[in-house]
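Below are the chains, spelled out letter by letter.
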Amino acid sequence: MAMTKVVATILVLLSISSQSSVTVSSASILNHGFKDVDEPATGRTLKEDRHEVHCSRERSRAAWKITEDYLMPFVEREKYQLSTKCRLHPDNDVYRDQEQHKIHFDINEWRCGYCKKSFYAEKYLDQHFDNRHYNLLNASESRCLADLCGALHCDQVLNTKATKSKCNPAAAARNHHLCEGLADSCFPANEGPSASRLHELFLRQFCDAHTCSGKYKPFPRGGKKQSGVFYLSISILTLMLLPIFYLMVFLYQREMRNGTQELKRITKFGRKKKPS
């Protein structure tokens, strides 16, 4: 009987010991797994990597669109090559590579060019880039296009409340100075006729409107966007007028045909009335 109690006690102790070892090993595995995720070999956490870039994607996109619509058509016409020192150069946009990996199939279908996942709206694709592909950002200093929004009139394009608020002379002067700096760095006037013409155009297209007088408006020289809207309007108007034109031609021809037939009847009837 005593031997039985001793054996039972030993079995209980062995059971408790094995459970403790399993618990410890499981905890160590979990801790090791979290460490692999949160503390990579670089010494920086993923969370730190994700928040390394503080740059508005929306405003950067607006700045890029403004540049593409209201500046690049003139640059291409002059066959001018932007220097990488120019902050408007594509290499100086932190989001450029990600933006180029957006595939827009339909109104409600956006696809990631890296992993081919699909999303209902562009904002969800942006969130996906921030969560899954943040390591592919072209991150370095002075590469946030949103920082140039003051010079490029992003609020005008985004239609934010800033455009409706009272003009601040200090802010206008600051944006004008930033705008002139862009003109000098991107199109140095002493680099030839093309650079000189583009320098002058940049001042008129973007910088003159940075004033509280209200005398000048942004983008007075127009651009690709306005041309596209104009041709689209002309095309729609033509398509609307073509059916009306053909309808008028058809009605006119039918009226002429009916008039000719009526004239033949009258002529034939008149001939029968003549005395023999």
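About the criteria used
Residues numbered from 1 in each chain as written. Predicted model: local features only at pLDDT ≥ 70, side-chain atom pairs only at ≥ 80, totals over all residues. Heavy atoms only, no water. Buried < 20%, exposed > 50% of the residue type's maximum accessible area, 1.4 Å probe, protein only. Helix = DSSP H or I, 4+ residues; strand = E, 2+ residues; numbered from the N terminus. Pairing = 2+ DSSP bridges. Polar contact = N/O pair within 3.5 Å; in protein donor to acceptor, adjacent residues only side chain to side chain. Contact = heavy atoms within 4.5 Å. Salt bridge = Lys/Arg side-chain N within 4 Å of Asp/Glu carboxyl O. UniProt positions renumbered as here; feature names shortened; annotations may be inferred. Disulfide = S-S within 2.5 Å. Axes fitted to C-alpha atoms, helices over the stretch in contact; angles between N-to-C directions. Phe/Tyr/Trp six-rings, centres within 6.5 Å; stacked < 30°, edge-to-face > 60°.

By the naming in an unreviewed UniProt entry, the protein goes by C2H2-type domain-containing protein and is assigned to Kalanchoe fedtschenkoi.

Observations regarding the pairing of strand β2 (residues 109–112)
Covered by surrounding structure in β2 are Trp110 and Cys112 only, the residues Glu109 and Arg111 on the alternate face being uncovered. Pairing of strand β1 (residues 102–106) with β2 involves four bridges; the strand directions are antiparallel. Along β2, the bridge assignment pairs His104 with Trp110. Relative to strand β3 (residues 118–119), β2 runs antiparallel, the two sharing two bridges. Its bridge partner being in β3, Trp110 is matched across the sheet by Phe119.

Section: the side chain of Glu99
In this fold, Glu99 is placed in helix α5 (residues 96–100). Accessibility expressed as a relative area gives 15% for Glu99, which makes it buried. Side chain to side chain, Glu99 and Lys102 meet in a polar contact 3.0 Å long. The contacts of Glu99, once residues within four sequence positions are left out, are Arg57, Arg61, Glu122 and Asp126.

Considerations on the pattern of salt bridges
Using the criterion set out here, one finds 15 salt bridges in the structure. Residue Glu99 is joined to Arg61 by a salt bridge in which the shortest nitrogen-to-oxygen separation is 3.5 Å. Here the residue Glu99 occupies a position in helix α5, and Arg61 occupies one in helix α3 (residues 57–70), the gap between them amounting to 38 residues. Ionic contacts of the salt-bridge type, sharing partners, join the residues Arg57, Arg61, Glu99, Lys102, Glu122, Asp126 and Asp130 into one network.

Overview of the UniProt feature "domain: C2H2-type" (unreviewed entry) in the protein
Here the UniProt feature "domain: C2H2-type" (unreviewed entry) sits at residues 112–133. Structurally, residues 112–133 is divided into 50% helix and 14% strand, and its ends, taken at the C-alpha atoms, are 10 Å apart.

Observations regarding the state of the cysteines
Counted according to the given criterion, the structure contains five disulfides. Through a disulfide, Cys167 is tied to Cys212; the S-S separation comes to 1.9 Å. Handedness of the Cys167-Cys212 disulfide follows from its S-S torsion of about -75°: it is left-handed. Here the residue Cys167 occupies a position in the loop between α8 (154–158) and α9 (169–186), and Cys212 occupies one in the loop between α10 (193–207) and α11 (224–273), the gap between them amounting to 45 residues. Assigning the bonded cysteines of the protein consecutive numbers by sequence position, one obtains the connectivity 1-3, 2-8, 4-5, 6-10, 7-9. With no disulfide partner, Cys112 has as its closest neighbouring cysteine sulfur the one in Cys115, 3.6 Å distant.

Focus on the sheet that holds β1
Reading across the sheet, the three strands line up as β1-β2-β3 and stay open at both edges, with antiparallel pairing between neighbours. One side of each edge strand has no neighbouring strand; the edge strands of this open sheet are β1 and β3. In this fold helix α6 (residues 122–132) packs onto β1, β2 and β3, with an angle of close to 15° to the strand it touches most, β2.

A few points about the packing of aromatic side chains
Applying the stated criterion to the full structure yields six aromatic pairs. Measuring from centroid to centroid gives 5.6 Å for Tyr80 and Phe187, while their planes differ by 50°, and the two rings are tilted. With Tyr80 in the loop between α4 (72–78) and α5 and Phe187 in the loop between α9 and α10, this pair connects stretches of sequence that are 107 residues apart. For Phe187, a relative accessible area of 0% translates into the label buried.

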